[in-house]
Amino acid sequence: MSNFTNNRWLTVITLLLLTANIVTLALLWTNKSNSATGMKHRPPPGGQVFEFLSKELNLNTEQKKAYRKLRDEHRAGVRPLHDSIRTAKDNFFALLQKENSADSLIQEYSKKTGELEQRLDVFTFQHFQQLRKICNAEQQQIFDNIIQDALHRMAGPKRPPGPPHE
């Protein structure tokens, strides 16, 4: 009888482990296929903001044409700002290689990065101000309700909280 009970428990445990493995594999496969299509339980990245806003605002053909022009101008203006920010941050963190960086130098480099980030924010703000101007009154109300979502889409995925990367 004891042998029968042991075999029964082994069968139950084996079935539980097999089920757990199947569920895990299914979840991994589902996540992998979602990330292959760009969807991983997060809003799509900035490349789809144009489509998102055009659809949500129900822009007509002329408005889409004007918005496409605004988008292209924004992209062209943002590119050098991103490059400048990257360079400023590289220079800032290069100070870590020096034994004793003066606090004034650290503040100066940090301030430069902050000023560039501020220019980028103002540039993006003005871009969306111009987009709002091409909308009619009804579309402006919709715009006001969805702009935060659009900005989050532009920013890309949010990093999960956790320890800093070293």
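1. Points about the environment of Lys112
So, point 1. By secondary structure assignment, the location of Lys112 is in helix α4 (residues 103-133).
So, point 2. Spatially, the C-alpha atom of Lys112 lies 8.6 Å from that of Ile85, the residues being 27 residues apart in sequence.

2. Re the packing of helix α2 (residues 49-57) against helix α3 (residues 61-94)
A pair of packed helices can be characterised by two numbers: the angle between their axes and the separation between those axes.
So, point 1. At a minimum axis separation of 11 Å, α2 and α3 run at an interaxial angle of 150°. In terms of axis orientation, α2 runs roughly antiparallel to α3. At the point where α2 passes α3, the crossing takes the right-handed sense. Along its contact with α2, which presents Val49, Phe50, Leu53 and Ser54, the element α3 presents Lys64, Tyr67, Arg68 and Arg71.
So, point 2. Split into classes, the residues belonging to the contact of α2 with α3 amount to 4 nonpolar, 1 polar and 3 charged.

3. Some remarks on unusual backbone geometry
So, point 1. Not every positive phi belongs to a glycine, and Asn58 is a case in point at roughly 55°.
So, point 2. Within the secondary structure, Asn58 is located in the loop between α2 and α3.
So, point 3. For Asn58, a relative accessible area of 61% corresponds to the exposed category.

4. What to know about the confidence of the model for the chain
So, point 1. In the predicted model, the chain carries a mean pLDDT of 81, and the fraction of residues at 70 or more is 80%.
So, point 2. Counted against residues more than four places away or in other chains, residues 33-46, with its pLDDT under 50, gives 12 contacts.

5. What about the pattern of salt bridges?
So, point 1. Across all of its chains, the model carries 5 salt bridges by this definition.
So, point 2. A salt bridge links Lys69 to Glu73; the shortest N-O distance between them is 3.4 Å. Of this pair, Lys69 and Glu73 are both found in helix α3, 4 residues apart, which corresponds to roughly one turn of the helix.
So, point 3. Given the relative accessible area of 55%, Lys69 is considered exposed.
So, point 4. Measuring nitrogen to oxygen at the nearest pair gives 3.1 Å for the salt bridge that ties Asp83 to Arg86. One end of the pair, Asp83, and the other, Arg86, are both in helix α3, 3 residues apart, so they sit about a helical turn from each other.
So, point 5. Exposure remark for Asp83: the relative accessible area of 37% places this residue in the partly exposed category.

The rules behind the values
- Residues numbered from 1 in each chain as written.
- Predicted model: local features only at pLDDT ≥ 70, side-chain atom pairs only at ≥ 80, totals over all residues.
- Heavy atoms only, no water.
- Helix = DSSP H or I, 4+ residues; strand = E, 2+ residues; numbered from the N terminus.
- Axes fitted to C-alpha atoms, helices over the stretch in contact; angles between N-to-C directions.
- Parallel < 35°, antiparallel > 145°, perpendicular 65-115°, else oblique.
- Left-handed = near helix turned anticlockwise from the far one by under 90°.
- Contact = heavy atoms within 4.5 Å.
- Nonpolar A, V, L, I, M, F, W, Y, C, P; charged D, E, K, R; others polar.
- Buried < 20%, exposed > 50% of the residue type's maximum accessible area, 1.4 Å probe, protein only.
- pLDDT = per-residue confidence, 0-100.
- Salt bridge = Lys/Arg side-chain N within 4 Å of Asp/Glu carboxyl O.

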